[in-house]
Amino acid sequence: MRASPSALLCASAWLMPAPRVRFASMAAKLTPEYSEVIKRRAAEWILQPLQMPKRLSPTAITAFQGCQQQYLFQKMWKVPEPPSPVLYKGILVHEALEKIYDLPPEQRRAQLHDALRDAWRVERKKPSPDASGTVSRPLHDALFTSREEERQWGLECLALLDSYAAFEDPAALPYGEPVSREGWLEAQLPTAADLPPLTLLGKFDRLDALPGGAGLAVVDYKTGKAPYGQWGEKDRFQLRCYALMLARGEPPRSLKHLPLAERTPRQLRLLYLKEGAATIEETLPADGEAYEALLDDTQERVLQVWREIAELVESGRPEDFSHCDRSFCLCHEVRPLVFPNFPGR
(Lines give C-alpha, C1' and ligand atoms only; values in the text may rest on other atoms or scores of the structure.)
Protein backbone atom coordinates (compact mmCIF):
# COMPACT_ATOMS: atom_id res chain seq x y z
CA MET A 1 0.00 0.00 0.00
CA ARG A 2 2.95 2.35 0.53
CA ALA A 3 3.61 4.54 -2.53
CA SER A 4 6.96 4.89 -4.26
CA PRO A 5 9.18 7.93 -3.46
CA SER A 6 8.56 9.36 -6.94
CA ALA A 7 4.78 9.20 -6.46
CA LEU A 8 5.10 10.94 -3.12
CA LEU A 9 7.11 13.79 -4.63
CA CYS A 10 4.48 14.39 -7.30
CA ALA A 11 1.66 14.90 -4.81
CA SER A 12 0.88 17.69 -2.38
CA ALA A 13 3.18 18.17 0.58
CA TRP A 14 0.70 16.81 3.11
CA LEU A 15 0.95 13.41 1.47
CA MET A 16 4.39 13.14 3.05
CA PRO A 17 4.45 12.11 6.75
CA ALA A 18 3.82 15.11 8.98
CA PRO A 19 3.17 15.83 12.68
CA ARG A 20 -0.39 15.95 13.94
CA VAL A 21 -1.90 19.41 13.57
CA ARG A 22 -5.44 20.80 13.90
CA PHE A 23 -6.86 23.35 11.49
CA ALA A 24 -10.22 25.04 11.10
CA SER A 25 -12.61 23.25 8.78
CA MET A 26 -13.55 24.70 5.39
CA ALA A 27 -17.18 24.58 4.25
CA ALA A 28 -18.20 25.06 0.62
CA LYS A 29 -20.22 28.17 -0.24
CA LEU A 30 -22.11 28.96 -3.44
CA THR A 31 -19.89 30.78 -5.89
CA PRO A 32 -21.29 33.38 -8.35
CA GLU A 33 -21.06 30.72 -11.07
CA TYR A 34 -23.29 28.32 -9.12
CA SER A 35 -25.68 31.10 -8.11
CA GLU A 36 -26.22 32.07 -11.76
CA VAL A 37 -26.92 28.46 -12.79
CA ILE A 38 -29.42 28.05 -9.94
CA LYS A 39 -31.22 31.27 -10.86
CA ARG A 40 -31.47 30.21 -14.51
CA ARG A 41 -32.87 26.80 -13.62
CA ALA A 42 -35.23 28.01 -10.85
CA ALA A 43 -38.27 28.38 -13.15
CA GLU A 44 -37.69 24.88 -14.53
CA TRP A 45 -37.72 23.35 -11.04
CA ILE A 46 -40.70 25.35 -9.81
CA LEU A 47 -42.87 24.63 -12.86
CA GLN A 48 -42.22 20.89 -12.86
CA PRO A 49 -44.64 18.82 -10.73
CA LEU A 50 -43.10 17.66 -7.48
CA GLN A 51 -42.22 13.97 -7.49
CA MET A 52 -42.08 11.62 -4.53
CA PRO A 53 -38.59 10.28 -3.88
CA LYS A 54 -38.11 6.61 -4.71
CA ARG A 55 -36.61 5.79 -1.32
CA LEU A 56 -35.44 7.20 1.99
CA SER A 57 -32.12 6.84 3.78
CA PRO A 58 -31.37 7.59 7.44
CA THR A 59 -29.33 10.60 6.30
CA ALA A 60 -32.18 11.90 4.13
CA ILE A 61 -34.62 11.54 7.03
CA THR A 62 -32.51 13.63 9.38
CA ALA A 63 -31.90 16.15 6.57
CA PHE A 64 -35.66 16.57 6.12
CA GLN A 65 -36.21 16.85 9.87
CA GLY A 66 -33.46 19.47 10.13
CA CYS A 67 -34.61 21.56 7.16
CA GLN A 68 -37.34 20.72 4.68
CA GLN A 69 -36.01 23.21 2.14
CA GLN A 70 -32.54 21.71 2.26
CA TYR A 71 -34.11 18.32 1.57
CA LEU A 72 -36.07 19.78 -1.37
CA PHE A 73 -32.99 21.45 -2.85
CA GLN A 74 -30.52 18.62 -2.35
CA LYS A 75 -32.53 15.40 -2.51
CA MET A 76 -35.43 16.25 -4.83
CA TRP A 77 -34.26 19.03 -7.13
CA LYS A 78 -30.57 18.07 -7.04
CA VAL A 79 -29.55 21.75 -6.95
CA PRO A 80 -25.88 21.93 -8.05
CA GLU A 81 -23.41 22.68 -5.26
CA PRO A 82 -19.67 23.22 -5.27
CA PRO A 83 -17.72 20.19 -4.05
CA SER A 84 -17.23 20.41 -0.30
CA PRO A 85 -13.90 19.84 1.48
CA VAL A 86 -15.88 18.75 4.54
CA LEU A 87 -17.77 16.12 2.54
CA TYR A 88 -14.61 14.76 0.94
CA LYS A 89 -12.88 14.67 4.30
CA GLY A 90 -15.58 12.30 5.51
CA ILE A 91 -15.36 10.21 2.33
CA LEU A 92 -11.58 9.81 2.55
CA VAL A 93 -11.50 9.03 6.28
CA HIS A 94 -14.25 6.44 5.91
CA GLU A 95 -12.44 4.85 2.96
CA ALA A 96 -9.19 4.63 4.93
CA LEU A 97 -10.95 3.06 7.91
CA GLU A 98 -12.57 0.51 5.60
CA LYS A 99 -9.47 -0.38 3.59
CA ILE A 100 -7.16 -0.69 6.59
CA TYR A 101 -8.93 -3.89 7.65
CA ASP A 102 -7.82 -5.56 4.42
CA LEU A 103 -4.32 -5.61 5.90
CA PRO A 104 -2.88 -8.05 8.46
CA PRO A 105 -3.57 -6.76 12.00
CA GLU A 106 0.08 -6.05 12.76
CA GLN A 107 0.38 -3.65 9.78
CA ARG A 108 -2.76 -1.60 10.29
CA ARG A 109 -1.65 1.12 12.69
CA ALA A 110 1.54 1.87 10.74
CA GLN A 111 -0.34 1.96 7.41
CA LEU A 112 -3.33 4.04 8.52
CA HIS A 113 -2.03 7.36 7.15
CA ASP A 114 -0.86 5.72 3.94
CA ALA A 115 -4.33 4.24 3.37
CA LEU A 116 -5.75 7.77 3.25
CA ARG A 117 -2.87 9.20 1.21
CA ASP A 118 -3.22 6.44 -1.37
CA ALA A 119 -6.97 7.01 -1.64
CA TRP A 120 -6.52 10.77 -2.10
CA ARG A 121 -3.83 10.36 -4.80
CA VAL A 122 -6.47 8.61 -6.89
CA GLU A 123 -9.43 10.81 -5.92
CA ARG A 124 -7.78 14.22 -6.35
CA LYS A 125 -7.22 13.69 -10.09
CA LYS A 126 -10.79 12.68 -10.89
CA PRO A 127 -12.81 15.18 -12.97
CA SER A 128 -15.18 17.46 -11.08
CA PRO A 129 -18.02 18.99 -13.17
CA ASP A 130 -18.65 22.70 -12.90
CA ALA A 131 -22.00 24.31 -12.03
CA SER A 132 -23.41 23.59 -15.49
CA GLY A 133 -22.39 19.94 -15.25
CA THR A 134 -20.36 20.06 -18.46
CA VAL A 135 -16.82 21.43 -18.02
CA SER A 136 -14.59 19.37 -15.74
CA ARG A 137 -11.38 20.07 -13.88
CA PRO A 138 -9.41 17.92 -11.42
CA LEU A 139 -11.15 17.56 -8.07
CA HIS A 140 -8.28 19.12 -6.11
CA ASP A 141 -8.57 22.30 -8.22
CA ALA A 142 -12.33 22.41 -7.56
CA LEU A 143 -11.91 21.96 -3.80
CA PHE A 144 -8.91 24.15 -3.03
CA THR A 145 -7.48 27.50 -4.14
CA SER A 146 -3.88 26.57 -3.31
CA ARG A 147 -1.64 23.65 -2.43
CA GLU A 148 -1.30 25.06 1.08
CA GLU A 149 -5.06 24.91 1.56
CA GLU A 150 -5.05 21.30 0.34
CA ARG A 151 -2.16 20.48 2.68
CA GLN A 152 -3.96 21.89 5.71
CA TRP A 153 -7.10 19.95 4.79
CA GLY A 154 -5.03 16.78 4.43
CA LEU A 155 -3.49 17.23 7.86
CA GLU A 156 -6.98 17.56 9.30
CA CYS A 157 -7.84 14.22 7.70
CA LEU A 158 -4.76 12.58 9.19
CA ALA A 159 -5.57 14.05 12.62
CA LEU A 160 -8.97 12.31 12.51
CA LEU A 161 -7.24 9.00 11.84
CA ASP A 162 -4.87 9.66 14.75
CA SER A 163 -7.90 10.20 16.99
CA TYR A 164 -9.32 6.89 15.84
CA ALA A 165 -6.08 4.99 16.47
CA ALA A 166 -5.76 6.53 19.94
CA PHE A 167 -9.27 5.38 20.84
CA GLU A 168 -9.44 1.96 19.19
CA ASP A 169 -6.59 -0.37 18.27
CA PRO A 170 -7.20 -1.47 14.64
CA ALA A 171 -5.08 -4.58 15.33
CA ALA A 172 -7.29 -5.70 18.23
CA LEU A 173 -10.88 -4.45 18.11
CA PRO A 174 -13.04 -4.88 21.24
CA TYR A 175 -15.06 -7.71 19.66
CA GLY A 176 -12.49 -9.10 17.24
CA GLU A 177 -12.37 -8.76 13.47
CA PRO A 178 -15.34 -7.00 11.79
CA VAL A 179 -18.06 -9.25 10.42
CA SER A 180 -18.75 -6.81 7.58
CA ARG A 181 -17.64 -3.35 6.41
CA GLU A 182 -19.20 -0.67 4.17
CA GLY A 183 -22.27 -2.62 3.14
CA TRP A 184 -25.78 -1.71 2.04
CA LEU A 185 -28.94 -2.47 3.99
CA GLU A 186 -32.49 -2.32 2.67
CA ALA A 187 -35.98 -2.87 4.04
CA GLN A 188 -39.41 -2.53 2.47
CA LEU A 189 -41.61 -0.88 5.11
CA PRO A 190 -45.39 -1.32 5.14
CA THR A 191 -47.29 1.88 4.39
CA ALA A 192 -50.91 2.97 4.59
CA ALA A 193 -53.08 2.65 1.49
CA ASP A 194 -52.85 6.39 0.77
CA LEU A 195 -49.03 6.38 0.71
CA PRO A 196 -46.64 5.06 -1.95
CA PRO A 197 -44.42 2.07 -1.08
CA LEU A 198 -41.35 2.92 0.96
CA THR A 199 -37.85 1.48 0.64
CA LEU A 200 -35.50 2.35 3.49
CA LEU A 201 -31.92 2.16 2.28
CA GLY A 202 -28.61 2.86 4.01
CA LYS A 203 -24.90 2.04 4.05
CA PHE A 204 -23.30 0.96 7.32
CA ASP A 205 -19.66 1.52 8.25
CA ARG A 206 -18.91 -1.61 10.26
CA LEU A 207 -20.62 -4.57 11.89
CA ASP A 208 -18.93 -6.40 14.79
CA ALA A 209 -19.96 -9.75 16.28
CA LEU A 210 -20.73 -9.57 20.00
CA PRO A 211 -19.17 -12.26 22.22
CA GLY A 212 -20.89 -15.60 22.54
CA GLY A 213 -23.02 -15.17 19.41
CA ALA A 214 -25.09 -12.52 21.20
CA GLY A 215 -25.77 -10.52 18.03
CA LEU A 216 -24.22 -7.57 16.20
CA ALA A 217 -22.78 -4.20 17.15
CA VAL A 218 -23.47 -1.53 14.51
CA VAL A 219 -20.51 0.88 14.40
CA ASP A 220 -20.75 4.28 12.69
CA TYR A 221 -17.81 6.68 12.24
CA LYS A 222 -18.47 10.41 12.54
CA THR A 223 -15.81 12.93 11.52
CA GLY A 224 -17.31 15.69 13.68
CA LYS A 225 -17.24 16.33 17.42
CA ALA A 226 -19.40 14.37 19.83
CA PRO A 227 -22.68 16.26 20.36
CA TYR A 228 -24.09 17.18 23.75
CA GLY A 229 -27.42 16.08 25.18
CA GLN A 230 -30.32 16.06 22.75
CA TRP A 231 -28.10 17.08 19.82
CA GLY A 232 -26.91 13.49 19.56
CA GLU A 233 -30.45 12.18 19.12
CA LYS A 234 -30.42 12.45 15.31
CA ASP A 235 -27.27 10.32 15.13
CA ARG A 236 -28.73 7.74 17.50
CA PHE A 237 -31.91 7.67 15.41
CA GLN A 238 -29.87 6.99 12.28
CA LEU A 239 -28.32 3.95 13.92
CA ARG A 240 -31.73 2.73 15.05
CA CYS A 241 -32.72 2.89 11.37
CA TYR A 242 -29.81 0.57 10.59
CA ALA A 243 -31.01 -1.76 13.35
CA LEU A 244 -34.49 -1.65 11.81
CA MET A 245 -33.15 -2.58 8.37
CA LEU A 246 -31.03 -5.39 9.80
CA ALA A 247 -33.91 -6.79 11.84
CA ARG A 248 -36.75 -6.43 9.31
CA GLY A 249 -35.05 -6.28 5.92
CA GLU A 250 -33.15 -8.69 3.75
CA PRO A 251 -29.76 -9.47 5.34
CA PRO A 252 -26.72 -8.47 3.27
CA ARG A 253 -24.84 -11.30 1.60
CA SER A 254 -22.00 -11.01 4.10
CA LEU A 255 -24.37 -11.99 6.94
CA LYS A 256 -26.54 -14.66 5.35
CA HIS A 257 -24.35 -17.48 6.67
CA LEU A 258 -25.02 -16.42 10.28
CA PRO A 259 -27.90 -17.78 12.38
CA LEU A 260 -30.67 -15.25 12.99
CA ALA A 261 -29.64 -14.65 16.62
CA GLU A 262 -26.07 -13.85 15.60
CA ARG A 263 -27.06 -11.31 12.94
CA THR A 264 -29.62 -9.51 15.12
CA PRO A 265 -28.47 -5.97 16.05
CA ARG A 266 -28.01 -5.63 19.81
CA GLN A 267 -25.65 -2.68 20.25
CA LEU A 268 -25.23 0.68 18.51
CA ARG A 269 -21.88 2.54 18.63
CA LEU A 270 -21.25 6.06 17.35
CA LEU A 271 -17.54 6.88 17.17
CA TYR A 272 -16.79 10.63 16.87
CA LEU A 273 -13.25 11.44 15.71
CA LYS A 274 -12.80 15.21 15.88
CA GLU A 275 -10.69 16.72 18.68
CA GLY A 276 -10.11 13.41 20.39
CA ALA A 277 -12.33 10.43 19.81
CA ALA A 278 -15.46 9.85 21.86
CA THR A 279 -18.22 7.29 21.65
CA ILE A 280 -21.95 7.14 22.29
CA GLU A 281 -23.28 3.62 22.79
CA GLU A 282 -26.77 2.22 23.10
CA THR A 283 -27.57 -1.34 24.10
CA LEU A 284 -30.88 -2.44 22.63
CA PRO A 285 -33.41 -4.16 24.91
CA ALA A 286 -32.81 -7.84 25.65
CA ASP A 287 -36.53 -8.37 26.29
CA GLY A 288 -38.21 -9.40 23.05
CA GLU A 289 -41.31 -7.26 23.53
CA ALA A 290 -39.31 -4.15 24.41
CA TYR A 291 -36.99 -4.79 21.45
CA GLU A 292 -39.90 -4.98 19.00
CA ALA A 293 -41.43 -1.86 20.55
CA LEU A 294 -38.21 0.08 19.88
CA LEU A 295 -38.20 -1.10 16.27
CA ASP A 296 -41.90 -0.21 15.93
CA ASP A 297 -41.23 3.28 17.25
CA THR A 298 -38.32 3.76 14.83
CA GLN A 299 -40.41 2.50 11.92
CA GLU A 300 -43.28 4.82 12.84
CA ARG A 301 -40.95 7.82 12.91
CA VAL A 302 -39.66 6.89 9.45
CA LEU A 303 -43.21 6.52 8.13
CA GLN A 304 -44.19 9.88 9.63
CA VAL A 305 -41.45 11.59 7.63
CA TRP A 306 -42.61 9.72 4.52
CA ARG A 307 -46.16 10.98 5.13
CA GLU A 308 -44.99 14.58 5.62
CA ILE A 309 -43.04 14.45 2.36
CA ALA A 310 -46.07 12.98 0.58
CA GLU A 311 -48.31 15.78 1.88
CA LEU A 312 -45.87 18.45 0.67
CA VAL A 313 -45.60 16.78 -2.73
CA GLU A 314 -49.40 16.53 -2.94
CA SER A 315 -49.72 20.27 -2.24
CA GLY A 316 -47.78 20.98 -5.44
CA ARG A 317 -46.21 24.04 -3.83
CA PRO A 318 -42.42 23.79 -3.36
CA GLU A 319 -42.48 26.97 -1.30
CA ASP A 320 -44.40 25.04 1.38
CA PHE A 321 -41.18 23.24 2.30
CA SER A 322 -40.15 25.22 5.38
CA HIS A 323 -36.65 26.52 5.99
CA CYS A 324 -34.56 26.31 9.16
CA ASP A 325 -32.74 28.90 11.26
CA ARG A 326 -29.30 27.21 11.21
CA SER A 327 -26.77 29.74 9.93
CA PHE A 328 -24.72 27.12 8.05
CA CYS A 329 -27.61 25.60 6.10
CA LEU A 330 -27.70 25.63 2.31
CA CYS A 331 -31.30 26.84 2.35
CA HIS A 332 -30.31 30.44 3.19
CA GLU A 333 -28.17 30.73 0.05
CA VAL A 334 -30.47 28.92 -2.37
CA ARG A 335 -33.86 30.21 -1.18
CA PRO A 336 -33.45 33.81 -2.44
CA LEU A 337 -32.35 32.46 -5.81
CA VAL A 338 -35.33 30.17 -6.41
CA PHE A 339 -38.04 31.83 -4.26
CA PRO A 340 -37.42 35.57 -4.62
CA ASN A 341 -41.12 36.28 -3.94
CA PHE A 342 -41.78 33.33 -1.60
CA PRO A 343 -39.02 33.29 1.04
CA GLY A 344 -40.72 30.46 2.94
CA ARG A 345 -41.86 30.16 6.50
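Before any of the text, the structure's been laid out above.
Source: prediction; values computed, not measured. (Residues numbered from 1 in each chain as written. Predicted model: local features only at pLDDT ≥ 70, side-chain atom pairs only at ≥ 80, totals over all residues. Heavy atoms only, no water.)

Structural notes on the overall build of the protein chain
And then number 1: For the protein chain, the helix and strand inventory stands at 11 helices and 7 strands.
And then number 2: A compact globule built from 345 residues should have a C-alpha radius of gyration of about 20 Å, and the protein chain, at 22 Å, falls within 12% of that.
And then number 3: Across its three principal directions, the C-alpha atoms of the protein chain cover 60 × 55 × 35 Å.
And then number 4: In the protein chain, which comprises 345 residues, the proportion classed as buried is 48%.
And then number 5: Considering only contacts within the protein chain whose residues lie at least 6 apart along the sequence, 73% involve residues at least 24 apart.
And then number 6: Here the protein chain holds 44 positive side-chain charges and 47 negative ones, and the gap between their average locations is 4 Å. (Helix = DSSP H or I, 4+ residues; strand = E, 2+ residues; numbered from the N terminus. Rg over C-alpha atoms; globule rule 2.2 N^0.38 Å. Buried < 20%, exposed > 50% of the residue type's maximum accessible area, 1.4 Å probe, protein only. Contact = heavy atoms within 4.5 Å. Lys, Arg positive; Asp, Glu negative; His and termini not counted. Charge placed at Lys NZ, Arg CZ, Asp CG, Glu CD.)

Looking at a positive patch on the surface
And then number 1: On the surface, a cluster of positive charge is contributed by Lys54, Arg55, Lys75 and Lys78.
And then number 2: By the secondary structure assignment, Lys78 is in the loop between helix 4 (68–76) and helix 5 (85–99).
And then number 3: According to the relative accessible area criterion, Lys78 is exposed, its value standing at 55%. (Patch = residues over 30% accessible without salt bridge, like charges linked within 9 Å, V, L, I, M, F, W, Y side chains within 5 Å. Areas by Shrake-Rupley, 256 points an atom, 1.4 Å probe, with all protein chains shown as cover. Salt bridge = Lys/Arg side-chain N within 4 Å of Asp/Glu carboxyl O.)

Re unusual backbone geometry
And then number 1: We note that Lys78 has phi near 55°; this positive angle belongs to a residue other than glycine.
And then number 2: Unusually for a residue other than glycine, Glu182 sits at a positive phi of about 45°.
And then number 3: Inspection of the secondary structure assignment puts Glu182 in strand 3 (residues 180–189).

Details of the pairing of strand 4 (residues 198–209)
And then number 1: Counting buried positions along strand 4 yields 10 of 12 residues, so the element is predominantly enclosed.
And then number 2: Here 9 bridges tie strand 3 to strand 4, and the two strands are oriented antiparallel to one another. What sits directly across from Gln188, in strand 4, is Thr199.
And then number 3: In this structure, strand 4 lies alongside strand 5 (residues 216–222), joined through 4 bridges in antiparallel fashion. Bridge pairing in strand 5 places Arg206 opposite Val219.
And then number 4: Hairpin geometry of strand 4 and strand 5 is characterised by an intervening segment of 6 residues between the two adjacent antiparallel strands and by a positive phi of about 70° at Gly212. (Pairing = 2+ DSSP bridges.)

Observations regarding the pattern of salt bridges
And then number 1: Going through the model one piece at a time under the given rule, you end up with 30 salt bridges.
And then number 2: Of the charged contacts, one joins Arg206 and Glu168 as a salt bridge, the two residues approaching to 2.9 Å between their closest N and O atoms. You can see Arg206 sitting in strand 4 and its partner Glu168 sitting in the loop between helix 8 (147–167) and strand 3, a full 38 residues away along the chain.
And then number 3: Asp194 serves as the salt-bridge partner of Arg307, at 3.1 Å between the closest nitrogen and oxygen. Of this pair, Arg307 sits in helix 10 (residues 288–315) while Asp194 is found in the loop between strand 3 and strand 4, placing the two residues 113 residues apart along the sequence.
And then number 4: Asp194 gets classed as exposed once you look at its relative accessible area, which sits at 55%.
And then number 5: By sharing partners, the salt bridges in this structure join Glu168, Arg206, Asp208, Arg269 and Glu281 into a single network.

Thoughts on the nonpolar core
And then number 1: By size, the foremost hydrophobic cluster in this structure holds 64 residues, and its most contacted members are Leu56, Phe73, Trp77, Leu200 and Val338.
And then number 2: If one sorts the elements of this core by residue count, helix 10 sits on top with 11 residues.
And then number 3: Dropping the residues within four chain positions of it, Leu56 is found in contact with Ile61, Tyr71, Leu198, Thr199, Leu200, Leu201, Val302, Val305, Trp306 and Ile309.
And then number 4: Counting residues in hydrophobic clusters, the runner-up holds 29 residues, among them Leu92, Ala119, Trp153 and Tyr221. (Core = buried A, V, L, I, M, F, W, Y, C linked by side-chain atoms within 4.5 Å.)

What to know about the sheet that holds strand 6 (residues 265–272)
And then number 1: Ordered by their spatial adjacency, 5 strands build an open sheet running 3-4-5-6-7, and the pairing between neighbours is mixed. Looking at the sheet topology across the chains shown, the edges are occupied by strand 3 and strand 7 (278–283). Neighbour to neighbour, the strand axes of the sheet diverge by 35° on average, direction disregarded.
And then number 2: Relative to the sheet, helix 5 contacts strand 3, strand 4 and strand 5, its axis offset from that of strand 3 by approximately 110°. (Axes fitted to C-alpha atoms, helices over the stretch in contact; angles between N-to-C directions.)

What about the side chain of Gln299?
And then number 1: Along the chain, the position of Gln299 falls in helix 10.
And then number 2: Once residues within four sequence positions are removed from consideration, Gln299 is found in contact with Leu189, Pro190, Leu244 and Arg248.

Here we look at helix 9 (residues 233–248)
Side chains of residues three or four places apart in an α-helix project in the same direction, reflecting 3.6 residues per turn.
And then number 1: Here helix 9 spans 22 Å end to end across 16 residues, near enough to the 22 Å set by a 1.5 Å rise per residue.
And then number 2: Of all the residues in helix 9, the buried ones are Asp235, Phe237, Gln238, Leu239, Arg240, Cys241, Tyr242, Ala243, Leu244, Met245 and Leu246. (Expected span 1.5 Å × (residues − 1).)

Some thoughts on the packing of helix 4 against helix 11 (residues 331–338)
And then number 1: Remark: helix 4 packs on helix 11, axes separated minimally by 10 Å, with the N-to-C direction vectors making an angle of 75°. Classified by the interaxial angle, the pair formed by helix 4 and helix 11 is roughly perpendicular. Judged by residue contacts, Gln69, Gln70 and Phe73 of helix 4 engage Cys331, Val334, Arg335 and Val338 from helix 11.
And then number 2: Across the contact of helix 4 with helix 11, the residue classes tally to 4 nonpolar, 2 polar and 1 charged. (Parallel < 35°, antiparallel > 145°, perpendicular 65-115°, else oblique. Nonpolar A, V, L, I, M, F, W, Y, C, P; charged D, E, K, R; others polar.)

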